[in-house]
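Close look at the chain arrangement
Okay, here's what each chain looks like letter by letter:
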Amino acid sequence: GDLDKVVNLLLSLSGRLARVETALGSLGPHTPAEDKVALREKQRLLVAQLEDAKELKEHVGRREEAVGTMVARYLPAEHLQDYQHFIKMKSALIAEQRELEEKIKLGQEQLRCLHESL
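Because the structure is predicted, anything quoted here is derived from the model rather than measured.

Brief notes about the nonpolar core
One finds Leu3, Leu10, Leu13, Val20, Leu46 and Leu50 to be the most contacted residues of the largest nonpolar core, which totals 15 residues. Where this core is concerned, the elements lending two or more residues are α1 (2–25), α2 (33–74) and α3 (77–117). When residues in this core are grouped by element, the largest group, 8 residues, is from α1. Setting aside its immediate chain neighbours within four residues, Val20 contacts Leu39, Lys42, Gln43 and Leu46.

Structure, rendered in structure tokens:
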């Protein structure tokens, strides 16, 4: 459960940071200074939160190793391999699901813009 939450947190923060950086990159020369300052402050906060989330992931990883060592004492080798594969795939699948959701969201937004332009 913690792994799910931390992976989702990392993906959410990195997505928000990417959007802020995109917004910063698209600012024109006539953008009010307070807008630029607000975006830079948001960027700074997101970078700090992302670093904190990475530390959380490392902590969860250490806990996962400790649990894996404990589980290894009680499971036969075949079941242990299944467990290890499940844990590795869970993170990857969460990330892939999040990426697909973002692509769907982007596609829907592009469709909406196309409909509005017609």
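Right, picking up where we left off after that structure.
Some thoughts on the domain arrangement of the protein
Taken domain by domain, the protein comprises domain 1 (1–74) and domain 2 (77–117). Computed from C-alpha coordinates alone, the two centres of domain 1 and domain 2 are separated by 17 Å. On the domain 2 side, the residues contacting the 12 residues of domain 1 number 9 residues. Together domain 1 and domain 2 conceal approximately 920 Å² of surface at their shared face, both sides included; 64% is due to carbon and sulfur atoms. In terms of surface lost to domain 2, no three residues of domain 1 exceed Leu3, Asp4 and Leu11, which account for 38% of the buried area on that side. The interface formed by domain 1 and domain 2 contains 1 salt bridge. One salt bridge in this structure joins Arg19 and Glu102, with 3.9 Å as the shortest N-O distance.

Definitions and cut-offs
- Position numbers for residues start from 1 in each chain and track the written sequence from start to end.
- It should be noted that, the model being predicted, local features are given only for residues of pLDDT at least 70 and side-chain atom pairs only at 80 or more, the latter also being counted only at that level, while totals for whole chains, interfaces and linings use all residues.
- Calculated side-chain values reflect all of the structure's heavy atoms, with hydrogen atoms and water omitted.
- By nonpolar core we mean a set of buried residues, namely Ala, Val, Leu, Ile, Met, Phe, Trp, Tyr and Cys, connected to one another through side-chain atoms within 4.5 Å.
- Exposure classes here rest on a 1.4 Å probe applied to the protein chains alone. A residue is buried below 20% of its type maximum, exposed above 50%, and partly exposed in between.
- Strands here are runs of E lasting at least two residues and helices are runs of H or I lasting at least four, both read from the DSSP assignment and numbered beginning at the N terminus.
- Residue contacts follow a heavy-atom distance rule, with two residues in contact if any of their heavy atoms lie within 4.5 Å.
- All domain edges in this entry derive from an automatic or database-based domain assignment.
- Once two parts are put together, the accessible area they lose, assessed with a 1.4 Å probe and summed over both, is termed the buried area.
- One side-chain nitrogen of Lys or Arg within 4 Å of one carboxyl oxygen of Asp or Glu is enough to make a salt bridge.

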